[in-house]
Amino acid sequence: MSEHRSGFAAFVGRPNAGKSTLMNALVGEKVAIMSSRPQTTRRAIRGIVNRDDAQLCIVDTPGLHRPRTLLGERLNDLVRETLAEVDVIGFCLPADEKVGPGDKWIARELAETRAPVVAIVTKVDKVPRERVAEHLLDVSQLGDWAEIVPVSSVKDIQVDVLLDVLAARLPVGPPLYPEGHLTDEPEDVRVAELIREAALEGVRDELPHSIAVVIEEMVEPDSEDAHRPVLEIRAHVFVERDSQKGIIIGKGGSRLKEVGATARAGIEHLLGRKVYLDLHVKVAKDWQRDPKQLGRLGF
Ligand SMILES: Nc1nc2c(ncn2[C@@H]2O[C@H](COP(=O)(O)OP(=O)(O)OP(=O)(O)O)[C@@H](O)[C@H]2O)c(=O)[nH]1
């Protein structure tokens, strides 16, 4: 099987371009609205598409419009920040409307972003084939797109193709959110889960259920002037026996270092910021059978 990919996508386009309908078509019935606490992450997740080979997290963007007012400009700053953080951008251009000044303005904005942009010709069911072909040509001349994909969200035409194209643009990595957990779970639970996943990697057979992770603290550094301060996370990795402690830590701490690096990468991706991760491995004897310990471990 090919490598698993995961990351963030954002959709832009002028009003009525079909962004919401498309996002719903991609995510399916279960649209999970998950807005994280703004001080720790600036991303609000609109929905998550889980496949065997990819996890696509769709970020909410308030809409990129041409600024007419100061408020508009502020909004656009916010959108620009969001776009700077995602892995792939989908630019929606409805087939039943000619490419206009609004689209050109957005295209110029997108030329500045780092992420690859997939131009999406939406609502192809509304117009004859020839018109779609014309529109595709206009769109191709509008900018330097990673790909152009015509779709209909309503008639389910090429939505799966679009998903392939978007997924292919994501970085290689494990799922950022546990499948079936598309709720507004607090961040520390998700952080703990990423650490647990990293700690279990490669040793799942030896200690499948013997690991629990507790976040002791997530601390903002004192210096308020730092532009994007490093979040300090201290966590305990609990195992049941001393022998298991050895497995997690590895020779001279080598494995724990790897666990930390893997978990940190996932956490940084999740929170969208730099993280300092401090892991301590502890033995909590037979914690699975001890209600008092279980309570402490957050079960
Ligand atoms: N026929 C057809 N209509 C569509 C399709 N996609 C969206 N629409 C319609 O187009 C209109 C606008 O779609 P939205 O998804 O709300 O567009 P939007 O870009 O999110 O709009 P804003 O929230 O204003 O930015 C709605 O009436 C949709 O039903 C499509 O594939 N085919």
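The written sequence of each chain sets the order in which its residues are numbered from 1. A pLDDT threshold of at least 70 governs which residues receive local features in this predicted model, and a stricter bar of 80 or more applies before side-chain atom pairs are shown or counted, although totals over entire chains, interfaces and linings include all residues.

A.B. asks: What should I look at first to understand the overall build of the protein in this one?
C.D. replies: Helix and strand labels come from DSSP, where a helix needs a run of H or I of at least four residues and a strand needs a run of E of at least two; each type is numbered from the N terminus. The helix and strand inventory of the protein stands at nine helices and 10 strands. Residues with at least 20 other C-beta atoms within 10 Å of their own are called buried, those with 12 or fewer are called exposed, and the rest are partly exposed. The C-beta atoms themselves are positioned from the backbone. In the protein, which comprises 299 residues, the share counted as buried stands at 30%. Residue pairs qualify as contacts under a 7 Å threshold applied to their C-beta atoms, which are placed from the backbone. Here the contacts in the protein between residues at least 6 apart in sequence split such that 70% fall between residues at least 24 apart.

A.B. asks: What is the right way to read the site of the ligand from this model?
C.D. replies: Placing a C-beta atom from the backbone of each residue, we mark the residue near a molecule or strand if the atom is within 6 Å of it. Near the ligand you find 16 residues, and of these Pro15, Gly18, Lys19, Ser20 and Thr21 are the closest. The leading source of residues in the shell around the ligand is helix α1 (residues 19-27), at three residues. Residue type decides the class: Asp, Glu, Lys and Arg count as charged, Ala, Val, Leu, Ile, Met, Phe, Trp, Tyr, Cys and Pro as nonpolar, and the leftover types, Gly among them, as polar. Across the shell around the ligand, the residue classes break down as three nonpolar, nine polar and four charged.

A.B. asks: I'm lost on the nonpolar core in this one. Help?
C.D. replies: Nonpolar side chains in soluble globular proteins tend to be buried together. The nonpolar core is taken to be a set of buried Ala, Val, Leu, Ile, Met, Phe, Trp, Tyr and Cys residues joined by way of C-beta atoms within 7 Å. By size, the foremost hydrophobic cluster in this structure holds 39 residues, and its most contacted members are Ala9, Ala10, Ile89, Phe91 and Ile120. Among the elements of the structure, β1 (5-12), α1, β4 (54-59), β5 (88-94), α3 (101-110), β6 (117-122) and α5 (159-168) are those that each provide at least two residues to this core. Residues contacting Ile89, with those up to four places away along its chain left out, are Ala10, Val12, Leu83, Leu110, Thr113, Ala115 and Val117.

A.B. asks: In this structure, what is going on with unusual backbone geometry? I would like to understand it.
C.D. replies: What you tend to see is this: most non-glycine residues have negative phi, and most peptide bonds are trans. In this structure, Asn16 takes a positive phi of about 75° despite not being glycine. Mapped onto the fold, Asn16 is located in the loop between β1 and α1. A positive phi angle, near 55°, is found at Asp156, a position not held by glycine. Mapped onto the fold, Asp156 is located in the loop between β7 (147-150) and α5.

A.B. asks: Mind showing me how you'd approach the packing of helix α6 (residues 187-200) against helix α8 (residues 254-271) here?
C.D. replies: Between two packed helices, the angle of one axis relative to the other and the distance separating the axes together describe the packing. Here an angle of 0 to 180 degrees is reported between the N-to-C directions of two axes, which are lines fitted to C-alpha atoms, with helices fitted over the stretch in contact. The geometry of α6 relative to α8 is characterised by a closest axis approach of 8 Å and an angle of 150° between their N-to-C directions. Note that α6 runs across α8; the crossing there is right-handed. From α6, Arg190, Val191, Leu194, Ile195, Ala198 and Ala199 reach across to α8, where they touch Val259, Thr262, Ala263, Gly266, Ile267 and Leu270. Residues of the contact of α6 with α8, tallied by class, amount to nine nonpolar, two polar and one charged. Should the near helix be turned counterclockwise from the far one by less than a right angle, the crossing is left-handed, whereas a clockwise turn marks it as right-handed.

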